[in-house]
Amino acid sequence: MSRTRPRTFSRSETTRAEAFSDGVFAIAVTLLVLNLTDPPHRPGGLGHALLAQWPAYLGYLASFGYVAVIWLNHHQAFVRIRIMDRGLHAANLFILLTTAALSFPTAVVADALQADLMDADARVAVALYAGLAAAMCLSWVVFYRQLARRPELLHPDAERTYVRHGRLRSWAGALAYAVAGLLGVLVAPLLAIGVFVALPVFYFVTSEGLPEGRDG
């Protein structure tokens, strides 16, 4: 009598992964706002002290925008994902790992720019931010690579160009953040900050994919 092979449960629905991810995103944006504090000041100097910590506001804007579009892109991805395997769970955790860490370089950049806009610490700070932001983009490269390797995880009616476009957007973001970091180190840290604020707009506009080209 032949033995029946034990049933394996290597694949699962997306519900728990989505709920856990949403919780991490919520915590990530909450950590960002904790960097906005009541600045020390002398009596009558609150207005000046609040204005002096403008790098903290700019850092919050850049990082909140980044986490927001990650959440939006994550939602758009899971609209198309039918089931998950271990590899996709790991890729999703990589996204959450980098996202949850964003408050750290945000605080470092704000502190360094408030001290001096052009010194070595400011340049190191923007390089740190650019490095983590690029790593966040690369985590999406890993995510889309798993979907490309396991197309059966997607809904049958998902756009055939979705994964390819997602990988292109992720690589473009990683390159843009790397270039921004170099500009911040070699030219001026504020140039990098400008790119950090602008890039989430690109990801918002393309959250449902890149424009379709004409099929030949």
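A brief report on the enclosed structure follows. Computed from a predicted structure; not experimentally measured.

Structural notes on the environment of V33
Within the fold, V33 resides in helix α1 (residues 15-33). Residue classification places V33 among the partly exposed positions, given a relative accessible area of 37%. Spatially, the C-alpha atom of V33 lies 9.5 Å from that of A56, the residues being 23 residues apart in sequence.

Focus: the pattern of salt bridges
Inspection of every chain in the model, using the stated rule, returns 2 salt bridges. Of the charged contacts, one joins R80 and E159 as a salt bridge, the two residues approaching to 2.7 Å between their closest N and O atoms. Taken as a pair, R80 in helix α3 (residues 54-80) and E159 in the loop between α6 (120-149) and α7 (162-186) lie far apart in primary sequence, 79 residues in all. When its relative accessible area of 8% is taken as the criterion, R80 is described as buried.

Some remarks on the packing of aromatic side chains
Summed over all chains, the structure comprises 10 aromatic pairs. On the numbers, 5.1 Å between centres and 65 degrees between planes, the contact of F202 with Y203 is edge-to-face. Under the relative-accessibility criterion, F202 is labelled partly exposed at 31%. By relative accessible area, which is 7% here, Y203 ends up buried. In textbook terms, an aromatic cluster arises when at least three aromatic residues are bridged by ring pairs, as seen for F78, W140, F143, Y144 and Y162. The side chain of R80 reaches across the aromatic face of Y162, ending 4.5 Å from its centre.

Here's the deal with the environment of A49
Of note, A49 is situated in helix α2 (residues 46-52). For A49, a relative accessible area of 11% puts it in the buried group. Along the backbone, A49 and P39 are 10 residues apart, and their C-alpha atoms lie at a distance of 6.0 Å. If near-sequence neighbours (up to four positions away) are discounted, A49 is found in contact with P39, P40 and H41.

As for a nonpolar patch on the surface
A grouping of L175, V179, L182, L183, V185, L186, V187 and L191 is seen on the molecular surface, where their side chains present a nonpolar patch of about 710 Å² in accessible area. No other element matches α7, which puts 6 residues into the nonpolar patch. As for its placement among the helices and strands, L191 is situated in helix α8 (residues 189-205). Overall, L191 belongs to the partly exposed group, its relative accessible area being 43%.

Examining the packing of α1 against α3
Where α1 meets α3, the closest approach of the two axes is 10 Å, and the angle between their N-to-C directions is 170 degrees. Between α1 and α3, the angle falls in the class roughly antiparallel. Residues A17, E18, S21, D22, F25, A28, V29, L32 and V33 of α1 pack against Y60, S63, F64, V67, I70, W71, H74 and F78 of α3. Residue classes in the contact of α1 with α3 are distributed as 12 nonpolar, 3 polar and 2 charged.

So, how was this worked out
- Residues numbered from 1 in each chain as written.
- Predicted model: local features only at pLDDT ≥ 70, side-chain atom pairs only at ≥ 80, totals over all residues.
- Heavy atoms only, no water.
- Helix = DSSP H or I, 4+ residues; strand = E, 2+ residues; numbered from the N terminus.
- Buried < 20%, exposed > 50% of the residue type's maximum accessible area, 1.4 Å probe, protein only.
- Salt bridge = Lys/Arg side-chain N within 4 Å of Asp/Glu carboxyl O.
- Phe/Tyr/Trp six-rings, centres within 6.5 Å; stacked < 30°, edge-to-face > 60°.
- Lys NZ or Arg CZ within 6 Å of the ring centre and 35° of its normal.
- Contact = heavy atoms within 4.5 Å.
- Patch = residues over 30% accessible without salt bridge, like charges linked within 9 Å, V, L, I, M, F, W, Y side chains within 5 Å.
- Areas by Shrake-Rupley, 256 points an atom, 1.4 Å probe, with all protein chains shown as cover.
- Axes fitted to C-alpha atoms, helices over the stretch in contact; angles between N-to-C directions.
- Parallel < 35°, antiparallel > 145°, perpendicular 65-115°, else oblique.
- Nonpolar A, V, L, I, M, F, W, Y, C, P; charged D, E, K, R; others polar.

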